[in-house]
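Next come the chains, spelled out residue by residue.
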Amino acid sequence: MGNSLKAIVAFVPSDECQKYLLEDLEEMPVDKMVDLSGRQLRRLPLHICSFRELVKLYLSDNNLNHLPPELEQLQNLQILALDFNNFKALPLVVCTLKQLCILYLGNNKLCSLPLELRLLQNLKTLWIESNCLQCLPEVVCELSLLKTLHAGSNALRTLPSQLRCLQELRTIWLSGNLLSEFPPVLLDMPFLEVIDVDRNSIRFFPSLAHLPGLKLVIYDHNPCRNAPKVAKGVRRVGRWSEETPEPRKRSGAVIEITLDEKPSPPSAAKPEPE
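Note that the coordinates shown come from a computational prediction; the quantities given were computed from them, not determined experimentally. (Residues numbered from 1 in each chain as written. Predicted model: local features only at pLDDT ≥ 70, side-chain atom pairs only at ≥ 80, totals over all residues. Heavy atoms only, no water.)

Attention shifts here to the overall build of the chain. Secondary structure assignment for the chain yields two helices and 12 strands. Secondary structure of the chain in N-to-C order comes out as α-α-β-β-β-β-β-β-β-β-β-β-β-β. Counting across all 274 residues of the chain, residues that qualify as buried make up 47%. Nonlocal contacts in the chain, meaning residues at least 24 apart in sequence, comprise 25% of its contacts between residues at least 6 apart. In the form shown here, the chain has an accessible surface area of approximately 13600 Å², with 52% of it arising from carbon and sulfur atoms. (Helix = DSSP H or I, 4+ residues; strand = E, 2+ residues; numbered from the N terminus. Buried < 20%, exposed > 50% of the residue type's maximum accessible area, 1.4 Å probe, protein only. Contact = heavy atoms within 4.5 Å. Areas by Shrake-Rupley, 256 points an atom, 1.4 Å probe, with all protein chains shown as cover.)

In structure tokens:
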């Protein structure tokens with residue numbers, strides 16, 4: 001009953017209704033964090049923008065499709081969660097928050113990202129999974145401090161060659177896209193530690209043994225006939241990984257070996273800034 005009431009109240013723009021949704025949040029919390037996730041919000045209450053020392057703002061799982069220009073006042077914000085909303089475009093005011101280091105944009109309706117995203121030069125973690133991206137926006141390649149990129153469950157077919165410029169990038173998640181070949185640019189990124197290309201359409205994997213930083217590669221659920229070769233100590237998750245040999249050829253036929261139990265990929269929990 002409570003959630004139904006909140007859904008109705010969310011349509012009413014009066015101050016009294018907004019206070020109800022905020023649950024009497026009148027002063028900035030001591031921990032400098034505001035979590036308004038799952039409140040059925042259709043607009044961000046302007047009162048929040050007065051908390052100028054705010055460091056973390058979670059707005060996940062609402063009905064937001066725009067943000068007020070007053071959000072620019074939150075110049076100390078480091079974490080902003082906008083996932084599970086109705087954004088068709090990233091509000092440009094987000095790009096004015098230059099201290100952001102973690103930005104969650106997953107599970108929206110984004111088809112692109114604005115060029116102004118390049119202003120977020122402190123960004124270390126970007127989640128853009130489960131959107132409508134048909135190509136990885138090249139502006140992402142200008143985020144020089146980026147360490148983690150989660151772009152799974154889109155419609156990506158290739159990656160831009162400029163991605164190799166992200167020399168701080170350590171983890172890239174690309175599961176559930178439309179990749180028909182292993183992205184060549186990743187072969188020129190020796191600093192990568194985790195590569196996830198699970199659930200794509202890759203039929204052949206090149207050797208990854210020359211990537212000295214690699215620790216984990218997830219390649220399961222691809223129509224491949226070989227496992228990527230890796231250096232000693234690198235964990236592989238997929239067919240013919242450490243637990244079994246690669247397929248044997250007999251009379252020109254490939255005999256597939258199916259694992260009874262496959263190791264599960266690490267859970268993708270939301271990280272905190274370092």
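Back to the text.
Bringing the sheet that holds strand β8 (residues 194–196) into the picture now. The 10 strands are arranged β1-β2-β3-β4-β5-β6-β7-β8-β9-β10 in an open sheet whose pairing can be described as parallel. Each edge of the open sheet carries a strand with a single partner, namely β1 (33–35) and β10 (235–237). Neighbouring strand axes in the sheet, compared pairwise and without regard to direction, differ in orientation by 5 degrees on average. Relative to strand β6 (residues 148–150), strand β5 (residues 125–127) is paired through three bridges, and the arrangement is parallel. Across the sheet, the residue bridging to Trp127 is His150, located in β6. (Pairing = 2+ DSSP bridges. Axes fitted to C-alpha atoms, helices over the stretch in contact; angles between N-to-C directions.)

With that out of the way, let us pick up the packing of aromatic side chains. Inspection of the entire model under this criterion finds three aromatic pairs. When the centroid spacing of 5.4 Å and the interplanar angle of 80 degrees are considered together, the rings of Tyr104 and Trp127 count as edge-to-face. Of this pair, Tyr104 sits in strand β4 (residues 102–104) while Trp127 is found in strand β5, placing the two residues 23 residues apart along the sequence. The exposure class assigned to Tyr104 is buried, which follows from its relative accessible area of 1%. Trp127 sits in the buried class, given a relative accessible area of 9%. The structure contains a cluster of three or more aromatic residues connected by ring pairs, namely Phe182, Phe205 and Tyr219. (Phe/Tyr/Trp six-rings, centres within 6.5 Å; stacked < 30°, edge-to-face > 60°.)

Turning to the confidence of the model for the chain, a few remarks are in order. Here the chain averages 86 in pLDDT, and 79% of its residues register 70 or above. Note that pLDDT drops below 50 for residues 243–268; the model gives that stretch 37 contacts with residues more than four away or on any other chain. (pLDDT = per-residue confidence, 0-100.)

One can find Leu166 in the loop between β6 and β7 (171–173). Judged by relative accessible area, which is 0%, Leu166 ranks as buried. In sequence terms Leu166 and Ser144 are 22 residues apart; their C-alpha atoms lie 5.5 Å from each other. Those residues in contact with Leu166 that lie beyond four places of it in its chain are Val140, Cys141, Glu142, Leu143, Ser144, Leu146, Met189 and Phe191.

The next subject is the nonpolar core. Counting 70 residues, the largest nonpolar core has Leu126 and Leu186 as its most contacted members. Both of domain 1 (27–115) and domain 2 (133–243) provide at least three residues apiece to this core. With sequence-adjacent residues up to four places away left out, Leu126 is seen in contact with Leu103, Leu105, Leu117, Val140, Leu143, Leu146, Thr148, Leu149 and His150. With seven residues, the next largest nonpolar core counts Ile79, Cys101, Tyr104 and Trp127 among its residues. (Core = buried A, V, L, I, M, F, W, Y, C linked by side-chain atoms within 4.5 Å. Domains from an automatic or database assignment.)

Attention now goes to the side chain of Asn226. Within the fold, Asn226 resides in the loop between β9 (216–218) and β10. The class of Asn226 is buried, set by a relative accessible area of 13%. In this structure the side chain of Asn226 is engaged in a polar contact, spanning 2.9 Å, whose partner is the backbone oxygen of Phe205. (Polar contact = N/O pair within 3.5 Å; in protein donor to acceptor, adjacent residues only side chain to side chain.)

The tally for this structure, following the rule as stated, stands at four salt bridges. Of the charged contacts in the structure, one is a salt bridge between Glu193 and Lys215, with a shortest N-O distance of 3.9 Å. Of this pair, Glu193 sits in the loop between β7 and β8 while Lys215 is found in the loop between β8 and β9, placing the two residues 22 residues apart along the sequence. Judged by its relative accessible area of 52%, Lys215 falls in the exposed class. Between Arg199 and Asp198 there is a salt bridge whose closest N-O contact spans 3.8 Å. Residue Asp198 is classed as buried on the basis of its relative accessible area, which comes to 10%. (Salt bridge = Lys/Arg side-chain N within 4 Å of Asp/Glu carboxyl O.)

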